[in-house]
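# Overview (structure and organization)
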Amino acid sequence: MTMTVEQAGLTVVDPSAYAQEQRLHEACALLRRESPVHWVDGRPDYNPFWVITRRADILEIAKNHEIFHNHPRPVLVPAAEDQRQAEQGQMLRTLIHIDDPDHKALRPVAADWFRPKTLRTMQDNVNRLARRYVDLMLERGGECDFVADVAVHYPLSVILTLLGLPESDFGRMLQLTQEIFGGDDPERRRGESPDDQIAVVLEFFAYFQGLIADRRENPTEDLASTIANARIDGEHLSDLDAASYFVIIATAGHDTTSSTIAGGMHALVTHPEQLAKLKADPSLLPNAVEEIIRWVTPVKEFMRTATRDYDIGGVTVKEGQQVLLMYPSGNRDEADFDNPQAFDISRKPNRHVAFGAGVHFCLGAQLARMETQAIFAELLPRLDHVELAGPVEGVHSTFVSGLKQLPLRYRLNQAIDA
Ligand code: HEM
């Protein structure tokens with residue numbers, strides 16, 4: 001049965017469509033063609049909004065931060081959560097929850113850590129961690145779940161090392177990040193009610209408050225100390241701002257890159273000709289990583305609220321209405337990409353919007369690229385053979401989502417210089 005435009009709009013609010021992406025991509029292709037700025041209404045559990053599916057419109061809105069604000073609804077959540085936030089306020093005040101002038105003041109606090117010059121000092125550490133997880137695949141003896149064994153732990157180890165947290169806390173951080181992002185997934189979330197999500201956020205807070213107190217008392221050379229000891233107009237960040245900073249770094253820096261690496265591996269295994277091409281010419285790796293990021297687009301959406309009427313795509317978005325920036329759709333827009341439904345590691349140019357645009361452009365984009373390159377640079381030369389060893393499963397989430405399970409069978413060699 002063919003999909004109507006109305007059904008395509010409603011697909012965007014169906015978490016299960018993100019676990020079977022073909023349906024999501026078909027819906028977005030239809031919207032791009034027929035209704036690129038489309039009003040989504042008709043689900044009692046979600047407040048209505050406009051979904052933006054063309055890349056040019058996504059960029060126009062993202063770059064127009066004076067008119068389109070992140071506050072008060074930065075991501076798509078069910079109506080019950082919108083209502084809770086309206087009554088009790090946002091529990092978090094991360095960079096994605098705020099607008100200028102606060103955003104302009106807070107973003108520089110951690111920005112130096114993510115510049116290429118600082119990241120170069122991290123390269124050896126990232127390479128060491130990449131080798132550790134590829135060695136672990138070797139120890140598994142030819143079969144593993146690439147998500148559980150590699151893709152989840154490696155980026156978490158990188159980001160927590162950058163923050164300066166002890167390895168003994170990594171397990172707890174992993175559970176909390178997965179619970180915060182897996183809110184729509186029955187196997188990931190803690191429970192069904194908004195109270196369960198609140199409990200997760202409060203646990204994060206309690207942990208980070210302890211860390212802030214410690215780093216103010218005993219400053220060290222890590223990102224945690226930078227955040228804990230930062231001052232704006234001579235004052236430390238408020239408890240809420242500092243704890244929110246930790247939450248965004250720990251969460252944004254983890255599940256996003258995990259999903260990219262797992263989705264990239266899946267794409268290479270299911271496109272053996274692309275894998276062979278990359279193995280034959282490792283100089284293609286930076287380009288391949290960019291294509292992997294476009295192909296996977298792990299962050300599915302962010303929202304903005306119009307602060308005044310604005311005409312776009314032939315309709316008027318009214319003051320106070322929300323727009324959903326649908327990144328996976330922008331990244332398969334026929335107007336901007338040749339053959340966008342093909343996975344092509346030599347794609348050039350590749351002006352994807354997976355990291356967003358404008359003043360909220362992903363702070364960790366360079367780190368994400370570096371991590372993704374390092375793991376494939378370690379893995380591919382050692383990999384003689386790889387195939388799927390069982391069913392592949394995706395996470396049910398309308399926000400950050402990727403694979404939950406990627407069983408692989410493979411032949412892997414020792415590190416070349418081990
Ligand atoms: C492939 C992996 C990643 C993708 C696709 C991704 C994507 C995004 C997107 C789409 C945004 C919002 C941009 C906008 O609103 O225009 C964002 C913001 C952000 N990302 Fe990433 N991200 C990734 C990895 C990372 C990593 C490794 C970090 C490291 C900490 C990170 C930290 C952040 C932060 C702090 C923000 C908020 C920036 C702001 O609002 O000013 N991200 N990311």
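Structure report, in brief.

Take the pairing of strand S2 (residues 49-52) next. Within a regular strand, the side chains alternate between the two sheet faces. Every second residue of S2 is oriented toward a common face, with Phe-49 and Val-51 on one face and Trp-50 and Ile-52 on the other, all of them buried. Judged from the 4 bridges that link them, strand S1 (residues 37-40) and S2 form a sheet pairing that is antiparallel. Residue pairing across strands places Trp-39 opposite Trp-50, the latter belonging to S2.

A few words now on the site of the ligand. In the region of the ligand, 28 residues are neighbours, and His-103, Arg-107, Arg-304, His-360 and Cys-362 sit closest. His-360 is positioned such that a nitrogen or oxygen atom in its side chain is 2.7 Å from an oxygen atom of the ligand. In the shell around the ligand, the residues fall into 18 nonpolar, 8 polar and 2 charged.

Just one protein atom donates to the iron atom of the ligand; it is Cys-362 (SG), sitting 2.3 Å from the metal. Mapped onto the elements of the fold, Cys-362 is located in the loop between helix H18 (327-330) and helix H19 (365-379).

This part takes up the packing of aromatic side chains. Under the definition given, this model contains 9 aromatic pairs. Pairing Phe-68 with Tyr-310 gives two aromatic rings, centres 5.1 Å apart and planes at 80°, and the pair type is edge-to-face. Here Phe-68, found in strand S3 (residues 68-69), pairs with Tyr-310, found in strand S8 (residues 310-312); they are 242 residues apart in sequence, far enough to count as distant. For Phe-68, a relative accessible area of 0% translates into the label buried. Classification of Tyr-310 as buried rests on a relative accessible area of 13%. Members of the aromatic cluster, connected to one another through ring pairs, are Phe-204, Tyr-207, Phe-208 and Phe-246. Over the ring of Phe-337 we find Arg-294; its NZ or CZ atom is 5.4 Å from the centre of that ring. One Lys or Arg, Arg-332, reaches over the ring of Trp-295 and ends 4.3 Å from the middle of that ring.

Let us now look at unusual backbone geometry. Look at the link from His-71 to Pro-72: it is a cis peptide, with omega at 5°. Relative to the assigned elements, Pro-72 resides in the loop between S3 and helix H4 (79-88). With an omega dihedral of 5°, the bond running from Asp-100 to Pro-101 counts as a cis peptide bond. In this structure, Asp-233 is a non-glycine residue whose phi angle is positive, near 50°. Looking at the element boundaries, Asp-233 is found in the loop between strand S5 (231-232) and strand S6 (235-236). For Thr-297, which is not glycine, the phi dihedral falls at a positive 40°. Residue position: Thr-297 is located in the loop between helix H17 (285-296) and strand S7 (301-306). In this structure Thr-297 comes out as buried when scored by relative accessible area, which is 1%.

Glancing now at empty space enclosed by the protein. For the structure shown, the criterion picks out 2 cavities of 30 Å³ or more. Computed from the structure, the second largest cavity encloses a volume of approximately 30 Å³. What lines the second largest cavity is simply Arg-93, Thr-94, Leu-95, Ile-98, Leu-106, Asp-241, Ser-244, Tyr-245 and Ile-248. Per-element accounting of the lining of the second largest cavity gives the leading share, 4 residues, to helix H14 (residues 239-252). Class assignment for the residues of the lining of the second largest cavity results in 5 nonpolar, 2 polar and 2 charged.

Take the sheet that holds strand S14 (residues 407-412) next. The strands making up a sheet associate through backbone hydrogen bonding, with each pair oriented either parallel or antiparallel. If you walk across this open sheet you meet the 3 strands as S4-S14-S11, and the pairing is antiparallel. The two strands at the open ends of the sheet, each matched to only one other strand, are strand S4 (143-145) and strand S11 (383-388). In this sheet, neighbouring strand axes are inclined to one another by 30° on average, regardless of whether the strands run parallel or antiparallel. Taken together, the 3 bridges between S4 and S14 define a ladder with antiparallel strand orientation. What sits directly across from Asp-145, in S14, is Pro-407. Contacts from helix H15 (residues 255-270) reach S11 and S14 within the one sheet, and its direction differs from that of S11 by about 95°.

Parameters at a glance
Residues numbered from 1 in each chain as written. Predicted model: local features only at pLDDT ≥ 70, side-chain atom pairs only at ≥ 80, totals over all residues. Heavy atoms only, no water. Buried < 20%, exposed > 50% of the residue type's maximum accessible area, 1.4 Å probe, protein only. Helix = DSSP H or I, 4+ residues; strand = E, 2+ residues; numbered from the N terminus. Pairing = 2+ DSSP bridges. Near = heavy atom within 4 Å. Polar contact = N/O pair within 3.5 Å; in protein donor to acceptor, adjacent residues only side chain to side chain. Nonpolar A, V, L, I, M, F, W, Y, C, P; charged D, E, K, R; others polar. Donors = N, O, S within 2.8 Å, 3.2 Å for Na, K, Ca; no water. Phe/Tyr/Trp six-rings, centres within 6.5 Å; stacked < 30°, edge-to-face > 60°. Lys NZ or Arg CZ within 6 Å of the ring centre and 35° of its normal. 1 Å grid on protein atoms, 1.4 Å probe; cavity = no way out; pocket = protein on both sides within 12 Å on 5 of 7 lines; lining within 4 Å. Points joined across faces, edges and corners; volume = space filled by probe spheres on them. Axes fitted to C-alpha atoms, helices over the stretch in contact; angles between N-to-C directions. Contact = heavy atoms within 4.5 Å.

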